[in-house]
Amino acid sequence: MWISRLKRVRRTIMVLGVTNFAVIVSGGVLTLVSNPDCDSAGQLFPIFAVCIAAGVKLAAMVKVGTTQELMAMTIMDSPTQNSLERKLKYKTWLWWTRFAMVITVLQFIGATYLMFPVAKFVSHDGMPRDCVLGLSPDTRGWKQTLQVAFLITVCFVALAQCFTGSDILQWRSFYATQDDAWKAHYQEVFDHGIREVLCCLGRREYMGVIEEDEVCSVARLLGDLVSYRASGTGHLEFLAGLALLQNNSQFPESYEDCMEAPAFHLQEAATLHKFAEAAYTGPLLDVGRNPALFLCTWICRQGILTPWSRKWRPKLDGDNWWRGHAAAFLKFIDFPAHVLRRGRICREKCKATYFVVVLHYLRCVVIAVRGTETAEDLITDGLGRACSLTAQDLDGLTNHINGMDSSRMHYGHSGIVEAARDLFMQIEGDSKFGESGSIGFLSSLIGDGCECDGYSIRIVGHSLGGAIASLLGIRLRCRFPNLYVYAYGPLPCVDSDVADACSEFVTSIVLDNEFSSRLSYGSIRRLQVAAIKVLSQDPKADTALIFRLARRFLSASKRQQRQNVIEESSGEAIPSIIVDDSRESIQQEDQIHPIWEEAEAETRQDDEEFVNPFHDMASADNPVSQFMGTVPKREEDDEAPEMFLPGLVIHIVPEGDNMSVPIWRGWAICDVTERYKAYVANRESFKEIMVSPSMFLDHLPWRCKHAMHKVLESRNLFCDLTSESDIV
């Protein structure tokens, strides 16, 4: 029994356990053989402290290993049940792990403190001038050797424990290739991690929740996405596979038969984009707009320096006492205060922040919905499971419902659907259209004989806000026929039928390779499969190559490669994800960190002997094949329907290569590309995530605005109808 348990222990932990024990033994011997003349508290206290810390560390390692085993066995007993016992076991293991980390910090401090008396009492010629750790200066032989070995061991333990991690046992020795067990394990990791982050942000109410809630749903989804661990793939190898995935989308060829984007939609979308961007009234996007002075910019935009202007600012639900969010919104769009009629600043899950603006000179009411900015917005994003849409959710598609399959249920992104329902209640309420009783806010503003009678409605939003705006527009369309929605970089949020049916009044605008418009549960699962397949293509994918590929993906520092396409051995290309030749593209890197060059040089010596462990996994019984069999296919099914971008999809792509720079260098750079084209795209082409260095930077709202302006300038069409000079 003990032998089987020892086999589960990580080798690095065994080494650390032996060295900690060696510290205790050698320290005890040094104490026993110390010179009576040097036996003072100042001489022996460092030895006592280091030995006690090593003993506590050994005991903590045993306890961490025990609690880790109990947690793993609890998960193995019921991997599909989210029980309270499992949560308690995980918390117990987590707190013992953190206690061991505190001891590690104390050992590091103790080792540093131990060096001070050594440096103090050793002369420049290397010989001790006085008593050192209980030994007199004339001590020679094995005692001095033991003293030097003790010091080296203490320093080694203190440094090595900083890099070995907190796990005592190998998780794989318990879970092996069981997909459900890995999912349950990472579900607990994400669940507790998300709750602790929310607690640090001031949302303490999430820590005490025991029953199933939205955080559990998000954690379950994230746990499913890390299930590639069941195939034997580590996190670093998965990053290496992602780095090998480079799309060589030749847009001029791909779109040569496509229709150019309608000029009117582009012009109106560019005009209204400022409202979608202005909805980000927090400090998040100020970090991107002004990286150096973002705090000063945000304080100025919030009107903190001009509190006497508070009484002239509109009062919004959830705003701070000086009405800073209203001030920030109005300052960005550069409009007078009276145009902002209503709004809400919300920090609750599945509830959106919005602003309602009335533009009399354009006879238009603009509803701007904010995208992801708070932790609760991330929870809304993470509720990516499909939920069924009710008849009320599809009110605006009454004229198109006959063209849809009435026998089928229609689905949407559950978090976005819930947020859109709440926003509808905020803007229009639950009164039915045409009733003589109380009416909603929007009807009281635009209804017959009201202030804005006959005005058009435009709903805009970026990212999460664009997806919520689309579903809100679908519900409001039947009440307000003169309604249109512009969603910039939205998330896929509805099924194919609904996405097609709302094309008359919803336009989704996607910039190049931005990730959000391709982000869905199915696309991420297929990306996992593609990454593992690509990694298995090359039998010579050595360790140094994996390290460099992972670094390349994380830094995103080189130009996109769009030339080479690698097909699978069967002759069938990986769907919608094109693969670069890893070795050829890596040789083209301009700069390589010296540590990676050294690693490559060392591993190249054994290049003939190294074989990629994934290369021979071709049978149906191996873990990789089993993992790939669990991934949703491209076709829809009732259990996991595919989510699509709503409405008419306009894809803006750069002409020629799009140079991207590292995030930390180019975050605020709008774009070095000056020429863009805009096409009406097929939403099916956005089902797969395009791995690209610019996939995150393209999602920044000001880059989309810049690209739309360039497209309109190339057509001589751009005219900002909401500029300050047009306001009377």
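On a predicted model such as this, the values are computed, not experimentally measured, just so you know.

Caption draft 1: The arrangement of a nonpolar patch on the surface in detail. A cluster of nonpolar residues, F48, I52, V56, W96 and F99, forms a patch on the protein surface that exposes about 430 Å² of accessible area. When residues of the nonpolar patch are traced back to their parent elements, those giving at least two are α3 (41-77) and α4 (84-121). Broken down by element, the residue count for the nonpolar patch peaks at three residues, all from α3.

Caption draft 2: Layout of the UniProt feature "transmembrane region" (unreviewed entry) in the chain. UniProt marks residues 12-33, 45-66 and 93-116 with the feature "transmembrane region" (unreviewed entry), using the numbering shown here. Between the first and last C-alpha atoms of residues 12-33 the distance is 31 Å; the span itself is 95% helix and 0% strand. In residues 93-116, helix accounts for 100% and strand for 0%; the two terminal C-alpha atoms are 36 Å from one another.

Caption draft 3: Looking closely at helix α16 (residues 414-427). Between its first and last C-alpha, α16 extends 20 Å over 14 residues, near the 20 Å set by a 1.5 Å rise per residue. Among the residues of α16, those classed as buried are G415, I416, V417, A419, A420, D422, L423, F424 and I427. Positioned one or two residues after α16, G429 has a phi angle of 75°, which is positive.

Caption draft 4: Broad picture of the confidence of the model for the chain. A residue-level look at the chain finds 70% of positions with pLDDT of 70 or above and a mean pLDDT of 76. Contacts for the low-pLDDT stretch residues 631-638, under 50 throughout, to residues beyond four places or in other chains number 21 contacts. Counting interchain partners and residues more than four positions distant, the pLDDT-below-50 stretch residues 659-671 has 37 contacts.

Caption draft 5: Structural detail: helix α14 (residues 324-333). Summarising burial for α14: eight of the 10 residues are buried, a large majority. Those residues of α14 that sit buried are G324, H325, A326, A327, A328, F329, L330 and I333. Tucked into the core, α14 has its buried residues touching α11 (263-278), α13 (294-301), β1 (340-344), β2 (354-359) and β3 (364-369). Taken from the residues just after α14, D334 is the one with a positive phi, measuring 60°.

Caption draft 6: Summary view of the packing of α11 against helix α26 (residues 701-714). Between α11 and α26, the least distance of the axes is 10 Å, while the angle of their chain directions is 150°. Classified by the angle between their axes, α11 and α26 sit roughly antiparallel to one another. Remark: the crossing between α11 and α26 carries left-handed chirality. Between α11, through A263, L266, Q267, A269, A270, H273 and E277, and α26, the contact on the second element is made entirely by P701, W702, C704, K705, M708, H709, V711 and L712. When grouped by side-chain class, the residues that make up the contact of α11 with α26 number 10 nonpolar, three polar and two charged.

Caption draft 7: A look at the nonpolar core. The biggest cluster of nonpolar side chains holds 86 residues, and the ones touching the most others in it are F275, I459, Y488 and I652. The element that contributes the greatest number of residues to this core is helix α18 (residues 464-476), accounting for eight residues. With near-sequence residues (within four places) excluded, I652 lies in contact with I509, V510, L511, D512, Y676, K677, A678, A707, M708 and V711. Counting residues in hydrophobic clusters, the runner-up holds 24 residues, among them V9, A60, L169 and W171.

Caption draft 8: Representation of the side chain of H699. Mapped onto the secondary structure, H699 falls in the loop between β10 (676-681) and α26. Residue H699 is classed as buried on the basis of its relative accessible area of 12%. Within the structure, H699 has its side chain in polar contact with the side chain of E514 (distance 2.8 Å). Ignoring sequence-local partners within four residues, the contact set of H699 consists of H462, S463, G489, E514, F515 and S516.

Caption draft 9: The arrangement of the sheet that holds strand β7 (residues 483-488) in detail. With mixed pairing, the eight strands of this open sheet are ordered in space as β1-β2-β3-β6-β7-β8-β9-β10. Each edge of the open sheet carries a strand with a single partner, namely β1 and β10. When the angles between neighbouring strand axes are averaged without regard to direction, this sheet yields 20°. Relative to β2, β1 runs antiparallel, the two being bridged by four bridges. Each bridged residue has a counterpart across the sheet, and for G343 the counterpart in β2 is F355.

Caption draft 10: Examining the pattern of salt bridges more closely. All told, the structure shown has 27 salt bridges when counted by the stated rule. The shortest N-O distance in the salt bridge between R683 and D500 comes to 2.2 Å. Highlighted residues: R683 in the loop between β10 and α26 and D500 in helix α19 (residues 496-501), separated in sequence by 183 residues. Looking at D500, the relative accessible area reads 41%, which means it is partly exposed.

Caption draft 11: A look at unusual backbone geometry. Phi at D334 is positive, roughly 60°, even though this residue is not glycine. With respect to the element layout, D334 can be found in the loop between α14 and β1. In the Ramachandran plot, C350 falls in the positive-phi region, its phi being about 60° despite a non-glycine side chain. Note on placement: C350 falls in the loop between β1 and β2. With relative accessibility at 8%, the residue C350 sits in the buried group.

Parameters and conventions
- Residues numbered from 1 in each chain as written.
- Predicted model: local features only at pLDDT ≥ 70, side-chain atom pairs only at ≥ 80, totals over all residues.
- Heavy atoms only, no water.
- Patch = residues over 30% accessible without salt bridge, like charges linked within 9 Å, V, L, I, M, F, W, Y side chains within 5 Å.
- Areas by Shrake-Rupley, 256 points an atom, 1.4 Å probe, with all protein chains shown as cover.
- Salt bridge = Lys/Arg side-chain N within 4 Å of Asp/Glu carboxyl O.
- Helix = DSSP H or I, 4+ residues; strand = E, 2+ residues; numbered from the N terminus.
- UniProt positions renumbered as here; feature names shortened; annotations may be inferred.
- Expected span 1.5 Å × (residues − 1).
- Buried < 20%, exposed > 50% of the residue type's maximum accessible area, 1.4 Å probe, protein only.
- pLDDT = per-residue confidence, 0-100.
- Contact = heavy atoms within 4.5 Å.
- Axes fitted to C-alpha atoms, helices over the stretch in contact; angles between N-to-C directions.
- Parallel < 35°, antiparallel > 145°, perpendicular 65-115°, else oblique.
- Left-handed = near helix turned anticlockwise from the far one by under 90°.
- Nonpolar A, V, L, I, M, F, W, Y, C, P; charged D, E, K, R; others polar.
- Core = buried A, V, L, I, M, F, W, Y, C linked by side-chain atoms within 4.5 Å.
- Polar contact = N/O pair within 3.5 Å; in protein donor to acceptor, adjacent residues only side chain to side chain.
- Pairing = 2+ DSSP bridges.

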